[in-house]
Each structure stands twice: as structure tokens, then as C-alpha cells.
Amino acid sequence: MDSCDLIIIGAGVAGLSAALEAVRVCPKCEVVVLSKSDFSMSNSHFAQGGIAAVFDRVNDSIEKHFNDTLLAGGGLGNPAMIETLVMQAPNRILDLIANGVDFDTESDGALALGLEGGHSANRIVHQKDHTGKSLIDNLLHRAKQHPRIQLLKNQHGLRLIKDAQGNCAGIWVWNGKEVKGYTAKSVLLATGGCGQLFRFTTNPAVATGDGLAMASYMGASISGLAYMQFHPTALYAKNENPLFLISEAVRGAGAYLVNHHGERFVFKLDDRGELATRDVVSKAITGELKTSAYPYVFLDARHFKHGFFKSSFPLIYSKLKQRRIDPETDLIPVCPAAHYLCGGIDVDKYGRTNVPGLFALGECANSGLQGKNRLASNALSEALVFAKYVAEEMCVFANERVQKPDLILGDKPSVSNEKSSVSSYKKELLYKATDCLSYEDNHFLLQKAGVDLQELYKAFSSKKCVSIQDWIFRDLVWVANLMCMQRFIMPNEK
Ligand code: SIN
């Protein structure tokens, strides 16, 4: 079993920022970062829009960003956390610039600020439509160069390890060949979300909720799972997983939604139209789809100035071209897709869970900041701002902790390279159940989804898990069960 001071599970913006912060504040600590797949496979990497932060002190203010965040979350967000976010986000952007991240600028050199749904002013700092990738490239480059950060890819977290005092003390991982244990004085889950629970998602294949499952098996408190955010404009494709995202920034630039009769419909629900918050726009589309023979509506950007789409959104433009859609002349078929989990592992400002030694940050964590619906482009801001607090606290905990040899290892998880027994039929059952969790407030259907999910979990947990695919599927179903239970508690809150 290998050991280190800090172990970080997840190599998105949250995990990498926390690693870089930890080695900065703690002169000796050794950090291991485990990535489940390749380093380019995280939700952060695919983030198109940008990072929300107030830079325009004439038309915007910290108070406006605070109010927009609170309002987007249905008034449920934690005001102290929101205040920290909005106050600190500009500083973190300046740190990134100082560390070599190039954001788009205006001709006078000022940061170019985009607009997205729910924002009352332009405040999205971005690099074209590939902000997440630019950010990850920079963080990864810096982490790779640091002598006290070790980055390991293809490490799938299986179960957390406890010590005799009930503290988290490490993790078992599957590295494709064997199950290996790592012990650490502080453990951070930065494992992202669980969009893969749903038939339609913008999340990559790695977003399977394993951090949530591991935390829950360890006894960590988890809440807010009912608040899965659906992004209104994923590019519709019948058999694609994940669906490609059409950034909210496209609507921010003036594109609008139309139904199959060519009519705009979001204003029926909200005066802000297409620039209402995501929950509202997704609801408007879902309502439209109920009376339509088609599973998608259209995004219309045909009125953009010639060349604007291609120069502002090159990544989206090239994807559309591959699909033989020219946004200058064609309508873009879009539908809502599971995008971001607003709930998760309960943490405080310092990422502390109720299990000593276990920390969480980013999408897998529930700091209470988002309320029931995240304001667009606040996710990267949150990861960057709170990475500082979390890293510091992890180092304090690690320095005070005397690593006891009496680890409770439990049964070493058993995984092999054998063929998976997860059939597409079983995936279909999962999707049927989660379809109800996404759109239905119907108590009867939710109850049925709950029973189906319990059956599915029972069928899997009675088997010895052999392949990693089986393991992943069982954890997914477990998270779906938790989500269903929490959805029940607040069926009308959605
Ligand atoms: C987008 O560009 O629409 C996604 C950014 C986010 O999830 O906030």
C-alpha cells in the first residue's frame, strides 16, 4: 500500500486547483492526484461558457452577482458561501492570468465579458467556447511540473478506507490491472457529478457518481440530490451519449429558441425569455415537447452577423458542421440534458464533511451555495475560490494527524478484467427510472421509479462484483436510489 500526505481523487478544476494550492501553502506536503481516466476526461474540461466574476464596476457589482446567484437557486443558497464566492472570484481570475491563462479581451485590453442566463450583467470571463479546456491545460501543466505533486491516470476509486477512530484514511482504487490501496492523512473527493445516470446528459462517460457512492458508504452526509440541473440546449442526437453542449453563451449572444412552428415560447413562462435561468428555460422546453411530435426544439442563430458564430464559438461551429448543420442558415435541434448536480456531499466552507479526514470540493460537494439551481458559469468560479480554503484545511488536518497503523481495511474490493454482465437491457431499466426523476412530479411514477431502482440495486448487490463495469453500474444505481429517496422528500420543490 502506498502512502502520502494528501490524496485527491479527481483531476478537474477542483482537484487540480486544490493540489496546486496545497503545495503552495504547505512547504513539505506530498500530494497524489488520481484521475479516473485520461486527464482530458472531466466535466471541467468540457466547460464551454466560462467563469463568472465581476470585472465591470460600472454596469455590474458584487451585490448583483450575489443576488443573481441567490435568485437562480430559488432563494435556497447559503448567503455566506455566496458572498465568499462573489467577493473572491475576481481574485482567482487574476491569479489565473498571472499564471498564464489567456482569456479573451476587448480591443482596449479589458477582459471580454459574456452574458448567460440569469445574469443581470455581462460577467462571464472566457476563452472562446473552450474555457474549461484552456483552464485544465494550464492547471495540468503546472501540476505536472511540481515536484511534490504526483498525477496518476486510469485510477478508478472503489471504496474509501477508515482508521480505527472512524477517520477517513485512504482509498482503494482499480488501475486496470489490480486493486491497489493508498493511505493519506487527508482525502479529497473532487470526483464531479453523476450525469451518466440519465438517458440524456452533457456529462462525459466518467460522470458516474462514484465519489457520491464512496462517501455515502463511508457514512458521509449527502443532500440536495433532488436538484439535478438540466442544461436547456444540448445538441439533440437520438443515440449519442454524452450529448454535445451548445453553450448558454450562444443564447447570451442573442440566439433564441423556437418550436416546430417557428414560434418563440420561453416568454410564456418568464419575462427574461431565453436568458432566464436554466431551470426555467429547461421547463419551458419540456412543456413544449409534451405537445410536440418531436423530442427537440430549435435554437435559432441565423440572424447573427456573418462570420460571428464561427469566430466566437469555433468548437460548437465545427461540431455543427460535422453534423451538416450550418448555424448561419439552419436551425439547431436542441433538448434539455442532465448537466450539473447542485446537491452532493455536505461540506462547509473548508470542504469538511462529517467524516474527519474526508473533504469534498466541486460538483460532488454540496456547500449549499447553489441552492436548487446553479447560476450559469458559477461552477468553475466555485471550484477555484473554495480550492484555497479546502487545501489549507486539508494541510492543517494532515499536519495535526498522527497516522495510526491500525487501519480498518475491510475486505479488499474484488474487481477483475472479466467481461461485464451489465446488459443494455439493465441500462434501459435505469434510464426508465431516472426519466421519472428528471421530469415528473407525479407521485405515482416517482414511487414506481423508487421500487424499480431498489430491485435493480438488489439484483446487483447480491452478485459478487467482478468487472469494473459492473462495479460502476452498481454504484450508479445506488446513487439513483439516494436521488429517488431525496426526490420523494421534496417532490414539489423541483
Ligand atoms: C455553458 O457554457 O452553457 C455551460 C457552462 C456552465 O455549465 O455553467
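Residues numbered from 1 in each chain as written. Predicted model: local features only at pLDDT ≥ 70, side-chain atom pairs only at ≥ 80, totals over all residues. Heavy atoms only, no water.

K.L.:
Tell me what's going on with the site of the ligand, and back it up with residues and numbers.
P.N.:
Looking at the ligand, the residues that line it are Q48, G49, H231, L245, S247, E248, R278, H339, R374, A376 and S377. Within the backbone of E248, an N or O atom sits 2.7 Å from an oxygen atom of the ligand. For the ligand, whose unbound accessible area comes to 260 Å², protein coverage reaches 94%. For the shell around the ligand, the class distribution of residues is two nonpolar, six polar and three charged. (Near = heavy atom within 4 Å. Polar contact = N/O pair within 3.5 Å; in protein donor to acceptor, adjacent residues only side chain to side chain. Areas by Shrake-Rupley, 256 points an atom, 1.4 Å probe, with all protein chains shown as cover. Nonpolar A, V, L, I, M, F, W, Y, C, P; charged D, E, K, R; others polar.)

K.L.:
An account of the sheet that holds strand β5 (residues 124–125) is requested, with residue identities and associated values reported.
P.N.:
Taken together, three strands build an open sheet; the order of strands is β3-β5-β4 and the sheet is antiparallel. Of all the strands in the sheet, just β3 (51–52) and β4 (113–114) have a single pairing partner and so form its edges. (Pairing = 2+ DSSP bridges. Helix = DSSP H or I, 4+ residues; strand = E, 2+ residues; numbered from the N terminus.)

K.L.:
Which residues make up the side chain of D326, and what values do they have?
P.N.:
By the secondary structure assignment, D326 is in the loop between α10 (314–322) and β14 (332–341). Here E328 takes part through its backbone nitrogen, which lies 2.9 Å from a polar atom of the side chain of D326. With near-sequence residues (within four places) excluded, D326 lies in contact with Y317 and K321. (Contact = heavy atoms within 4.5 Å.)

K.L.:
Could you give me a rundown of the packing of helix α4 (residues 79–98) against helix α11 (residues 378–400), with the residues and numbers involved?
P.N.:
Two numbers describe how α4 lies on α11: the axes approach to 8 Å, and their chain directions differ by 90°. As the angle between them shows, α4 and α11 are arranged roughly perpendicular. Of the residues in α11, those in contact with M81, T84, L85, Q88, A89, R92, D95 and L96 of α4 are N378, S381, E382, L384, V385, F386, K388 and Y389. Counted by class, the contact of α4 with α11 contains eight nonpolar, four polar and four charged residues. (Axes fitted to C-alpha atoms, helices over the stretch in contact; angles between N-to-C directions. Parallel < 35°, antiparallel > 145°, perpendicular 65-115°, else oblique.)

K.L.:
Give me the pattern of salt bridges: which residues, what numbers.
P.N.:
Applying the stated rule across the entire model yields 25 salt bridges. A salt bridge links K185 to D5, with the nearest nitrogen and oxygen atoms 3.6 Å apart. Residue K185 is located in strand β9 (residues 179–189), and its partner D5 is located in strand β1 (residues 2–9); the two are separated by 180 residues in the primary sequence. Taking the relative accessible area as the measure of exposure, K185 reaches 23% and is therefore partly exposed. Note that D137 and K133 form a salt bridge whose closest N and O atoms lie 2.7 Å from each other. (Salt bridge = Lys/Arg side-chain N within 4 Å of Asp/Glu carboxyl O. Buried < 20%, exposed > 50% of the residue type's maximum accessible area, 1.4 Å probe, protein only.)

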